[in-house]
Amino acid sequence: MNAIRKTPAAIALGCALLLAAGCGALPDKPARATLYDFGPGPAMPAAAPATAPSAATLPTLSLAEFESNTRLDGTQILYRLGYADANELRPYGQSRWSLPPSQLLRQRLRDTLSERRMVLGPEEAATISRGRGQAPDTLRISLDEFSHYFESASASVGLVRLRATLVRSTAAGDRVLGQRLFTVRRPAPSADAPGGVKALIAASDAAVAEVVQWVDQLQQQQPRQ
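Since we're looking at a predicted model, the values are computed, not measured.

Visitor: Could you give an account of the pattern of salt bridges, naming the residues involved and the relevant values?
Guide: Summed over all chains, the structure comprises eight salt bridges. The residue Glu-88 makes a salt bridge to Arg-90 at a minimum N-O spacing of 3.2 Å. Between Arg-180 and Glu-210 there is a salt bridge whose closest N-O contact spans 3.9 Å. With Arg-180 in strand β9 (residues 173-187) and Glu-210 in helix α4 (residues 193-221), this residue pair connects regions lying 30 residues apart in the sequence.

Visitor: Explain the environment of Glu-145 residue by residue, including any values.
Guide: Mapping Glu-145 onto the fold places it in strand β7 (residues 137-150). Put simply, Glu-145 and Leu-162 are 17 residues apart on the chain and 6.9 Å apart in space, counted from C-alpha to C-alpha. If near-sequence neighbours (up to four positions away) are discounted, Glu-145 is found in contact with Leu-72, Arg-80, Leu-89, Leu-159, Val-160 and Arg-161. At 2.5 Å, the side chain of Glu-145 forms a polar contact with the side chain of Ser-147.

Visitor: Could you give an account of α4, with specific residues and numbers?
Guide: Taking 1.5 Å per residue, 29 residues should reach 42 Å; α4 reaches 42 Å between its end C-alpha atoms and fits that length. Near the N-terminus of α4, the side chain that reaches the backbone nitrogen of Gly-195, with its oxygen 3.0 Å away, is that of Asp-192.

Calculation criteria
- Residues numbered from 1 in each chain as written.
- Predicted model: local features only at pLDDT ≥ 70, side-chain atom pairs only at ≥ 80, totals over all residues.
- Heavy atoms only, no water.
- Salt bridge = Lys/Arg side-chain N within 4 Å of Asp/Glu carboxyl O.
- Helix = DSSP H or I, 4+ residues; strand = E, 2+ residues; numbered from the N terminus.
- Contact = heavy atoms within 4.5 Å.
- Polar contact = N/O pair within 3.5 Å; in protein donor to acceptor, adjacent residues only side chain to side chain.
- Expected span 1.5 Å × (residues − 1).

Put into structure tokens, the structure is as follows:
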């Protein structure tokens, strides 16, 4: 039998059909993850209460880099099903923090502390210590929990747990002025990533307010001589 000769038009049509079939077999373009941060922060009050200390009366503070477990070093938004297996941390698939939670929380804490005092980073504090011979008190934070916690299938909270330590450097060495564990829960408006984000931001702001009040009380009770 004679070989069947294909015309250029037939060849072109066959290539087009193959190309169309190939395109149909390609997977859909991956959906871009939604990024979240802590937002612009709470609105500043119109005027500070008359009884509040002025910034000049509050001692300078050094804020160390946060410590956290390795699971909280990433940008995944994590949740726990407390009613099923509270020991398992699960990530939301298409939602992320813009930075690791420890960095977002440290920024929020530094901004809040800076409203009433000078707040330095570790390197800035070391420079002042060398120049003046006296280092400012150092606030150290360990972030132990930061998750959207489901107490049941229909009820969930943003759960933040951190350990704060206030340290004072003296000629005799470092002295711990105080240490406290802060655990804060705030209800989530919905059982999904956006709801968890809102609850975690609310819990973070509440924890920050508690830490700031605690630091102020410690330094007032134990003024530097």
